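# Coordinate inspection notes
Below are the chains, spelled out letter by letter.
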Amino acid sequence: MGFWRTAGALAGLGIAGALLLVVLRALRIRARHRAVFAQEMPGLDAARERLVDSPQALYHGTRFADGTTVLAPRWRDACVGDLWCTDEAIFLQREGGGARLSWPLSWIEDASLVRAPAELAGKDLPMLRLRFRRGGEELVSAFSLRGGMANLEKLRREVHLRQGTQSALAALGALLEKTPVPGSGPPR
């Protein structure tokens, strides 16, 4: 009889420990999502000049960089939508309405071209994969554009010129504003 009490107590402790781990994991996931979606979006003007305009783009969703799924459906779920890029951000308006998604270029850390399975298309497609930081968390989003790799490369170039807090375009602009000094060029 003492054996069964001990075995029951140990089983109860095991179950309580497992439940505690589940609750702690849920609290961690909740804290990550709160950090990401509590951060205010900077004032972005979607009506600015469109540097890249791609109707009927495929948005493949967003996830945390470690592979954890984002729980917010508007960010997680793949869709077809109109995508455009201004000098401030990339914007996506889902077909059939819904809230507009935006990726400020200053938040983007990397933009790379990849070929990966696309759920909406049912096959591998070339994609632009954006790695960005929001609320202290690193996230990854992916897009495919009509026109394939050429249009993805055009979008990637625009992102790389303006990404992060130290954009290359700003640095080049300051350099190009300087008046050249005669004779300071390479020797002939």
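Below, the structure is looked at part by part. What you are looking at is a predicted structure, and each value in this text was computed from that prediction instead of being measured.

The next point concerns the overall build of the protein chain. Check the secondary structure of the protein chain and you find 4 helices and 7 strands. In the protein chain, buried positions account for 32% of the 188 residues. Sequence separation of at least 24 residues holds for 57% of the intrachain contacts in the protein chain that already meet a minimum separation of 6. Within the structure as shown, the protein chain displays about 11,400 Å² of accessible surface, and the carbon and sulfur contribution to it stands at 58%.

Evaluation of the coordinates by the stated rule reveals 11 salt bridges. Here Asp87 ties to Arg48 by a salt bridge, and the two come within 2.7 Å at their closest N and O atoms. Placement of Asp87 in the loop between strand S2 (79–85) and strand S3 (89–94) and of Arg48 in the loop between helix H1 (2–38) and strand S1 (52–64) is noted, with a sequence separation of 39 residues between them. Overall, Asp87 belongs to the partly exposed group, its relative accessible area being 35%. Owing to a relative accessible area of 33%, Arg48 belongs among the partly exposed residues under this scheme. One salt bridge in this structure joins Glu138 and Arg131, with 3.7 Å as the shortest N-O distance. Residue classification places Arg131 among the partly exposed residues on the basis of a relative accessible area of 28%.

How each quantity is defined
- Here, residues in each chain are numbered from 1, in the same order as that chain's written sequence.
- Per-residue local features of the predicted model are confined to residues with pLDDT of at least 70, and side-chain atom pairs are confined, for both listing and counting, to 80 or more; whole-chain, interface and lining totals are unaffected and use all residues.
- Heavy atoms from the whole structure form the basis of all side-chain values; hydrogens and water molecules are not counted.
- A run of H or I in DSSP counts as a helix once it spans at least four residues, and a run of E counts as a strand once it spans at least two, with each numbered from the N terminus.
- Partly exposed describes any residue whose relative accessible area lies between the buried limit of under 20% and the exposed limit of over 50%, with all areas from a 1.4 Å probe on protein chains only and scaled to the type maximum.
- Only heavy atoms matter for contacts: two residues are in contact if any of them lie within 4.5 Å across the pair.
- The method behind every accessible area is Shrake-Rupley, applied with a 1.4 Å probe, and residues are considered shielded solely by the protein chains displayed.
- Put simply, a salt bridge is a Lys or Arg side-chain nitrogen that is within 4 Å of an Asp or Glu carboxyl oxygen.

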